[in-house]
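Now for the letters of each chain:
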Amino acid sequence: MTQAITSIRPFVGATHFNLSRQFYADWGFEEVVLSPNLSYFKAGNFGFYLQDAYVKDWINNTMVFLEVPNVTEYYNQLAALNLTARYETVRVVPIQTYEWGKECFVHDPSGILWHIGEFFTK
């Protein structure tokens, strides 16, 4: 393929669309409403689509990897948002270290699993 890729935007479903919209806004993403049941959430040049769609097997198996330059700094900022106190089903899992790098985890209100990681440089 010689054509450059400029973006990749996964579609993420939601059990309760408006609750998830608020969660992602509170997390720090900027929402662009595209239709009554579809929004684009962005941070800088990166983003994803959140849709008002719930398919249990799809939601239960959705994972997104968000690469950051410093996972410790990102985790500290994430923890300061206190999202677990504001959203009953949200979980934030502390940083774990592996041979390839480090990552922490966020389970959104629907159960979507976000891996937030930093790769070790060689």
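This structure is a prediction, so every number in the text was calculated from the model and none was measured. (Residues numbered from 1 in each chain as written. Predicted model: local features only at pLDDT ≥ 70, side-chain atom pairs only at ≥ 80, totals over all residues. Heavy atoms only, no water.)

### Some points on helix H3 (residues 71–80)
Within H3, burial applies to Val71, Tyr75 and Leu78. Here the buried residues of H3 occupy an arc of 65° about the axis, which is enough to place them on one side. Residues of H3 that are buried sit in contact with helix H1 (17–27), helix H4 (83–86), strand E6 (91–97), strand E7 (101–107) and strand E8 (113–119). Where H3 starts, the residue carrying a side-chain oxygen 3.1 Å from the main-chain nitrogen of Thr72 turns out to be Asn70. Asn82 sits one or two positions beyond H3 and adopts a positive phi of about 55°. (Buried < 20%, exposed > 50% of the residue type's maximum accessible area, 1.4 Å probe, protein only. Helix = DSSP H or I, 4+ residues; strand = E, 2+ residues; numbered from the N terminus. Arc of directions from axis to C-beta. Contact = heavy atoms within 4.5 Å. Polar contact = N/O pair within 3.5 Å; in protein donor to acceptor, adjacent residues only side chain to side chain.)

### Quick look at the sheet that holds E6
In space, the four strands of this open sheet follow the order E5-E8-E7-E6, with mixed pairing throughout. Edge positions in the sheet fall to strand E5 (63–67) and E6, since each of these pairs with one other strand and no more. For this sheet the average axis-to-axis angle between neighbouring strands, irrespective of direction, equals 20°. As judged from the five bridges shared by E5 and E8, these two strands associate in the parallel manner. Within the sheet, the bridge partner assigned to Phe65 lies in E8 and is His115. Running at roughly 20° to E8, H1 makes contact with E5, E7 and E8 of the sheet. H3 contacts E5, E6, E7 and E8 of the sheet and is inclined by roughly 160° relative to E6. (Pairing = 2+ DSSP bridges. Axes fitted to C-alpha atoms, helices over the stretch in contact; angles between N-to-C directions.)

### Examining the environment of Val106
Structurally, Val106 is set in strand E7. With 22 residues separating them along the chain, Val106 and Thr84 place their C-alpha atoms 9.6 Å apart. What Val106 contacts, discounting residues up to four positions off in sequence, is Phe23, Trp27, Leu78, Arg91, Val92, Ile112, Leu113, Trp114 and Ile116.

### Some remarks on the pattern of salt bridges
Applying the stated criterion across every chain yields a total of two salt bridges. Among the salt bridges present, the one from Arg21 reaches Glu31, with a minimum N-O distance of 2.5 Å. Placement of the pair is Arg21 in helix H1 and Glu31 in strand E2 (residues 30–35), with a sequence separation of ten residues. Arg86 is paired through a salt bridge with Asp26; the nearest N and O atoms lie 2.9 Å apart. Of this pair, Arg86 sits in helix H4 while Asp26 sits in helix H1, and the two are 60 residues apart along the sequence. In this structure Arg86 comes out as partly exposed when scored by relative accessible area, which is 43%. (Salt bridge = Lys/Arg side-chain N within 4 Å of Asp/Glu carboxyl O.)

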